[in-house]
Amino acid sequence: MSAIAGNLPVLEADGKIQHDMEELAVLYTRFKLLLAELEKCTKDYELKKKSTRSVLHKRIRMLTTKMQKENMLLR
């Protein structure tokens, strides 16, 4: 009986360790999901930024050309 009672703290510690490991596995899975979502958002952001800059630069070039033509006409 004393041998079983002596192993009880060890069994409880093992159970706690196993429970903590399961919690870590769940947290790691959530982390990986959030990381994948963040990477997707980053990629979407970069694509949108590139697209927006492209449109802006095109408009700026058009305005610059128009202003240069108007300046030539005013001279």
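Everything discussed here concerns the structure shown above.
Just so we're clear, the structure is a prediction, and the values are computed from it rather than from any experiment. (Residues numbered from 1 in each chain as written. Predicted model: local features only at pLDDT ≥ 70, side-chain atom pairs only at ≥ 80, totals over all residues. Heavy atoms only, no water.)

**Overview of the packing of aromatic side chains**
Here comes step 1: Taken as a whole and assessed by the stated rule, the structure comprises one aromatic pair.
Here comes step 2: Between Tyr-28 and Phe-31, the aromatic rings sit 6.3 Å apart at their centres with planes inclined by 35°, giving tilted as the arrangement. One end of the pair is Tyr-28 and the other is Phe-31, both in helix H1 (residues 2–74) and three residues apart, which spans about a single turn. (Phe/Tyr/Trp six-rings, centres within 6.5 Å; stacked < 30°, edge-to-face > 60°. Helix = DSSP H or I, 4+ residues; strand = E, 2+ residues; numbered from the N terminus.)

**A look at the pattern of salt bridges**
Where charged atoms of side chains with opposite charge meet at close range, the side chains can pair.
Here comes step 1: For the coordinates displayed, the defined rule picks out three salt bridges.
Here comes step 2: Here Lys-16 and Asp-20 are joined by a salt bridge, their closest N and O atoms 3.2 Å apart. Of this pair, Lys-16 and Asp-20 both sit in helix H1, four residues apart, which is roughly one turn of that helix.
Here comes step 3: Taking the shortest distance from any N to any O, the salt bridge between Lys-49 and Glu-46 comes out at 3.4 Å. Pair noted here: Lys-49 and Glu-46 are both in helix H1, with a separation of three residues, about one helical turn.
Here comes step 4: A relative accessible area of 28% places Lys-49 in the partly exposed class. (Salt bridge = Lys/Arg side-chain N within 4 Å of Asp/Glu carboxyl O. Buried < 20%, exposed > 50% of the residue type's maximum accessible area, 1.4 Å probe, protein only.)

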